[in-house]
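Chain and residue survey
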Amino acid sequence: MLTIFRGAKIYTMDKENTVFSNADLWVKDGKIIKVGANTDIPADATIEDASRLVITPGLIDIHTHVGIWGEIDEHVNDACEYSEPFTPLMDAIDGININHFSFQLARKGGVTTVQTGTGSANPIGGVWSILKTGGSSLEEMLIVERSGLKGALGENPKNVFGQSYNKTPYTRMGVAQIIRNGFQKAMELSSGERDSHMERRTDLSPFIEVLEGKMPLHLHCHRADDIATAIRIAKEFQISLSLEHCTEGHLMLDAIKDCGASVTLGPFMLPSTKYETRNSTPAAPKMFHEAGIPFAIMTDHPFIPIHYLILCAAEAVKYGLDEMAALKSITSEAARLVGIEDRVGSIEAGKDADFVLWSHHPFDSRSTVVATYINGTKAYDGMQR
């Protein structure tokens, strides 16, 4: 069935950042088939009045723990395997609860796609996944089952294992060496040995996937020296790197730009509960934008609740970030950084019909989500909240 959302202001977030006024969005069979002003309406189309509303692509948060964090007690959750510091075989898909209330919060906030998985207790924690926030099964929701190997530098693994459990790693040097060990062992394997490890799904198999370019290494890093260590490890093994949090990245923009890593910034609206986050600032996105470094903005749900993703981007705007750059960071640019831009992130013909109807511009403090659509189906109705 063809449905046309008529008369909206539409932010397509395509390559030209096209904005249509009084425009129509055509949706059929879960896909966008047309967008533009003054379109000829077929007689058999279902018309949805979107006049006075704003339409954007569904929002995308590429650093969350949606569906996997217990959110009651940090040590009673499925987000980290605390038994050992080195747990590369922990797969997000084995811990995600699609009925967890965080998915409902996501849809309430217009977030239609998330990257989720293990937290940052472990130097090597496991493999992340990317999925839609609505659907009847995990298989239906999945976009990328294995989207990256997650690791962490700095205080988190030191505090969890060195201080709380009195076991390695105690120091930043120990954390980095645990990460290196996996790649060093995988590098030493012959082609046949690599095939054997992949077939048997050993601890080295995720490292082989990263070395072969099948997925990146995501490293949690706040302090500038931890960011430098992450860059050094990526260069040593010639692997794709995503800098997660990158809190003091604004102190070393040239090094980050030169290394070509992906960057996910945030969360900003938190107290500095850790020494290494004392230099956190919502002005960082503006600095990255002016330096020409692509980035996404994240919530790190549950630390900032997922439905406040739009507020995180709006906070960056308050601190000088261009509005369109801010909106890109949670739509098209976020999609591009994790390689799913062929399906989501912009309103273009052929892409999944994931979009949000807003009462006002999404950065307007009065704005509310009128409706969230995933694959052309209404996943949240703001009129019934």
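Before reading further, recall that the structure is shown in the block above.
This report concerns the structure included in the present document. Being a predicted model, the structure only gives us computed values, none of them experimental.

Once that is clear, we can look at the pattern of salt bridges. The full count for this structure, using the stated rule, is 23 salt bridges. Residues R180 and E236 are paired through a salt bridge, measuring 2.8 Å at the closest nitrogen-oxygen approach. Within this pair, whereas R180 is found in helix α4 (residues 172-187), its partner E236 is found in helix α7 (residues 224-237), the two being separated by 56 residues in sequence. For E236, a relative accessible area of 39% gives the class partly exposed.

Note: α-helices contain 3.6 residues per turn, so residues at a spacing of three or four share the same orientation. If you check which residues of helix α9 (residues 284-291) are buried, you get A284, P285 and F288. For α9, the arc enclosing every buried residue in end-on projection is 100°, short of the 170-degree limit, so these residues lie on one face. Turning to α9, the residues buried within the fold contact α8 (253-259), β12 (262-265), β13 (296-297) and α10 (309-318). G292, located one to two residues past α9, shows a positive phi value of around 80°.

Here we come to the sheet that holds strand β8 (residues 124-132). Strand pairing in a sheet relies on backbone hydrogen bonds. The paired strands run either parallel or antiparallel. Taken in spatial order, the eight strands of this open sheet run β6-β7-β8-β9-β10-β11-β12-β13, and their pairing is mixed. Each edge of the open sheet is held by one strand with a lone partner, namely β6 (59-64) and β13.

Below, the discussion takes up the environment of L327. With respect to the helices and strands, L327 occurs in helix α11 (residues 323-328). For the pair L327 and L204, spaced 123 residues apart in sequence, the C-alpha separation works out to 38 Å.

Criteria and cut-off values
- Residues numbered from 1 in each chain as written.
- Predicted model: local features only at pLDDT ≥ 70, side-chain atom pairs only at ≥ 80, totals over all residues.
- Heavy atoms only, no water.
- Salt bridge = Lys/Arg side-chain N within 4 Å of Asp/Glu carboxyl O.
- Helix = DSSP H or I, 4+ residues; strand = E, 2+ residues; numbered from the N terminus.
- Buried < 20%, exposed > 50% of the residue type's maximum accessible area, 1.4 Å probe, protein only.
- Arc of directions from axis to C-beta.
- Contact = heavy atoms within 4.5 Å.
- Pairing = 2+ DSSP bridges.

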